Amino acid sequence: MPTSLKDTVTLSNGVEMPWLGLGVFKVSEGEEVIQSVKAAIRNGYISIDTAAIYLNEEGVGQAIRESGVPRENLFITTKLWNTEQGYESTLEAFETSLNKLGIDYLDLYLIHWPGVDKYKETWKAFEKLYKDGRVRAIGVSNFHVHHLEDLIREAEIKPMVNQVEFHPHLTQKELLAYCKKEGIQLEAWSPLKKGELLNEPVLEDIAAKYNKSVAQVILCWDLQHGVVTIPKSIKEHRIIENADVFDFELTAEDMEKIDGLNQNSRSGSNPDTMRVGF
Ligand SMILES: NC(=O)c1ccc[n+]([C@@H]2O[C@H](COP(=O)([O-])OP(=O)(O)OC[C@H]3O[C@@H](n4cnc5c(N)ncnc54)[C@H](OP(=O)(O)O)[C@@H]3O)[C@@H](O)[C@H]2O)c1
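Counting starts from 1 at the beginning of each chain's written sequence and moves along it residue by residue. With pLDDT at 70 or above as the cut-off, local features in this predicted model cover only qualifying residues; side-chain atom pairs require 80 or more to be listed or tallied, and sums for whole chains, interfaces and linings still use all residues. Side-chain measures were taken over the full set of non-hydrogen atoms in the model, leaving aside hydrogen atoms and water.

(A) Representation of the overall build of the protein chain within the structure. Summing up its helical and strand segments, the protein chain has ten helices and ten strands in all. Taken over C-alpha atoms, the radius of gyration comes to 18 Å for the protein chain, in line with the 19 Å a tight globule of 278 residues would show. In terms of overall dimensions, the protein chain has a C-alpha envelope of 55 × 40 × 35 Å along the principal axes. Summary of the burial criterion: residues with accessible area below 20% of their type's maximum are buried, those above 50% are exposed, and those between are partly exposed, where the area comes from a 1.4 Å probe applied to protein chains only. When the 278 residues of the protein chain are sorted by exposure, 57% land in the buried category. Here, residues are in contact when the closest pair of their heavy atoms is within 4.5 Å. Counting only contacts in the protein chain whose residues sit at least 6 apart along the sequence, the fraction spanning at least 24 positions is 75%. Calculation of accessible area relied on Shrake-Rupley with a 1.4 Å probe; when residues are assessed, cover is drawn exclusively from the protein chains displayed. Taken as a whole, the protein chain presents about 11500 Å² of accessible surface, with 48% of it coming from carbon and sulfur. Helical segments are the DSSP runs of H or I of at least four residues, strand segments are the runs of E of at least two, and each set is numbered from the N terminus. Computation of the radius of gyration draws on C-alpha atoms, with the globule rule given as 2.2 Å multiplied by the number of residues to the power 0.38.

Dropping the structure here:
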């Protein structure tokens, strides 16, 4: 089990990825994103997860520069938006994201959603960016097992990460097992189900037992499942709270209780039917 925010998991290509980072979905460009990213870095976060579609890459970049922490000590992820899938358009979108972030390489670049028929061509551009040393690791997001199987069949390089919706109402058992078997690191988005899980009675009981918050229990559950997690908050006290999860461990029984909350219910789209931008 990781014991601090500095602890990392080794991806299949040897790159070290922090177990816990800050998400910035729906965090406004400008002061809001700058302040939350700076608060995270000030409190020891290394990993920041943004996306072209969040329209806050410039603020993330400004916060990185103002944080005083050398860029190479941070782990920056962004994602290719759906409208940009395709070989040439991906290469262009990558440059745009990098320019907005004001950095000269990425730690992790993800295909945001699979869509239907362009992710293999898109992946070829990802492989080029990786081979050219522009990005340290490449991966996907919102890929089901069938998408991964289809991609891997023809890919030269296997995705190193799959970032998906993952929380106690969507435990993704089959996908998690598949990714473990294939050496693809699973990463949880909306780990708190956007806040919806914070009043769940079973989680409240478990949290009381460990003298932790429900958010902390969920994030600990992620880590004990071997899943990287990226909770979002714009409030510094919660950014600190969400990272204070390395001093306790859930019993096997409590892990099972939380697993038992699964409803296969999503707060976001199902990747099989998500067609925005395609
Ligand atoms: N790849 C994808 O398709 C995809 C999709 C969605 C999200 N993501 C990534 O995953 C990240 C996390 O997901 P998310 O932002 O959707 O939701 P989330 O992290 O599950 O939940 C965020 C919500 O919970 C609140 N919150 C955070 N910590 C809390 C705490 N300790 N106590 C009480 N409330 C707390 C936040 O409010 P405050 O901000 O007011 O504290 C916010 O409303 C995103 O920011 C993004 O980077 C990726």
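Having seen the model, we can carry on.
(B) Quick look at the pairing of strand β5 (residues 75-80). The buried count for β5 comes to six of six residues, which makes it a mostly enclosed element. In this sheet, β5 lies alongside strand β4 (residues 47-49) in parallel orientation, the contact comprising three bridges. Within β5, the residue paired with I48 across the bridge is I76. By convention a crossover is right-handed if, when the strands point away from the viewer, the path from the first strand over the helix to the second runs clockwise. Between the parallel pair β4 and β5, the chain is carried across by helix α2 (residues 57-67), and the sense of this crossover is right-handed. Whether two strands pair comes down to DSSP finding at least two bridges between them. Examined bridge by bridge, β5 and strand β6 (residues 106-111) share four bridges and lie parallel to one another. Residue pairing in the sheet places T77 in a bridge with L108 of β6. On the question of chirality, the crossover connecting β5 to the parallel β6 by way of helix α3 (residues 87-101) is right-handed.

(C) Broad picture of the pattern of salt bridges. By convention in these notes, a salt bridge is any Lys or Arg side-chain nitrogen within 4 Å of a carboxyl oxygen on Asp or Glu. Scanning the entire structure with this criterion turns up 18 salt bridges. For D132, the salt bridge goes to K128, with nearest N and O atoms at 2.8 Å. The exposure class of K128 is partly exposed, given its relative accessible area of 34%. For K181, the salt bridge goes to E182, with nearest N and O atoms at 3.3 Å. One salt-bridge network, held together by shared partners, links K120, D150, R153 and E154.

(D) Up close: the packing of aromatic side chains. Any Phe, Tyr or Trp ring, taking Trp's six-membered ring, that has another such ring centre within 6.5 Å forms a pair; planes under 30 degrees apart are called stacked, those over 60 apart edge-to-face, and the others tilted. According to the stated counting rule, one finds eight aromatic pairs in the structure shown. With 4.6 Å between their ring centres and 5° between their planes, Y109 and F126 make a pair best called stacked. Residue Y109 is found in strand β6, and its partner F126 is found in helix α4 (residues 119-131); the two are separated by 17 residues along the sequence. Of the residues examined, F126 reaches a relative accessible area of 0% and is grouped as buried. Ring centres of W123 and F126 lie 5.6 Å apart, and the angle between their planes is 20°; on these two criteria the pair is classed as stacked. With W123 and F126 both in helix α4 and three residues apart, this pair spans about one turn of that helix. For the pair W123 and F126, a shared accessibility class is recorded, and that class is buried. Cluster of aromatic residues (ring-pair linked, three or more members): F94, Y109, W123 and F126. Above the ring of Y105, the side-chain terminus of R71 is found at 3.7 Å from the ring centroid. A ring has a charge above it when a Lys NZ or an Arg CZ is no more than 6 Å from the ring centre and no more than 35 degrees off the ring normal.

(E) Inspection of the site of the ligand at higher detail. For this purpose, a residue is taken to be near a molecule or strand whenever a single non-hydrogen atom of the residue falls within 4 Å of it. Surveying the vicinity of the ligand reveals 29 residues, the closest of which are D49, S190, S233, K235 and R238. The term polar contact refers here to a pair of N or O atoms within 3.5 Å; inside protein, the definition further demands a hydrogen-donor-capable atom paired with an acceptor-capable atom, and it admits residues adjacent in sequence only when both atoms are side-chain atoms. With respect to the ligand, the side chain of S141 contributes an N or O atom lying 2.8 Å from a nitrogen atom. Residue R238 places a side-chain N or O atom 2.7 Å away from an oxygen atom belonging to the ligand. Here the ligand, which alone exposes 900 Å², has 90% of that area covered by the protein. When residues in the shell around the ligand are grouped by element, the largest group, three residues, is from helix α9 (residues 236-243). We call Asp, Glu, Lys and Arg charged. Ala, Val, Leu, Ile, Met, Phe, Trp, Tyr, Cys and Pro are nonpolar, and the rest, Gly among them, are polar. Split into classes, the residues belonging to the shell around the ligand amount to twelve nonpolar, nine polar and eight charged.

(F) Fine view of helix α1 (residues 31-42). Working rule for helices: expected span equals 1.5 Å times residues minus one. The end-to-end C-alpha distance of α1 is 16 Å, a good match for the 16 Å that twelve residues give at a rise of 1.5 Å each. Of all the residues in α1, the buried ones are V33, I34, S36, V37, K38, A39, A40 and I41. In this fold, the buried residues of α1 make contact with β3 (21-23), β4, α2 and α9. Downstream of α1 by a residue or two, G44 has a phi angle that is positive, lying close to 100°.

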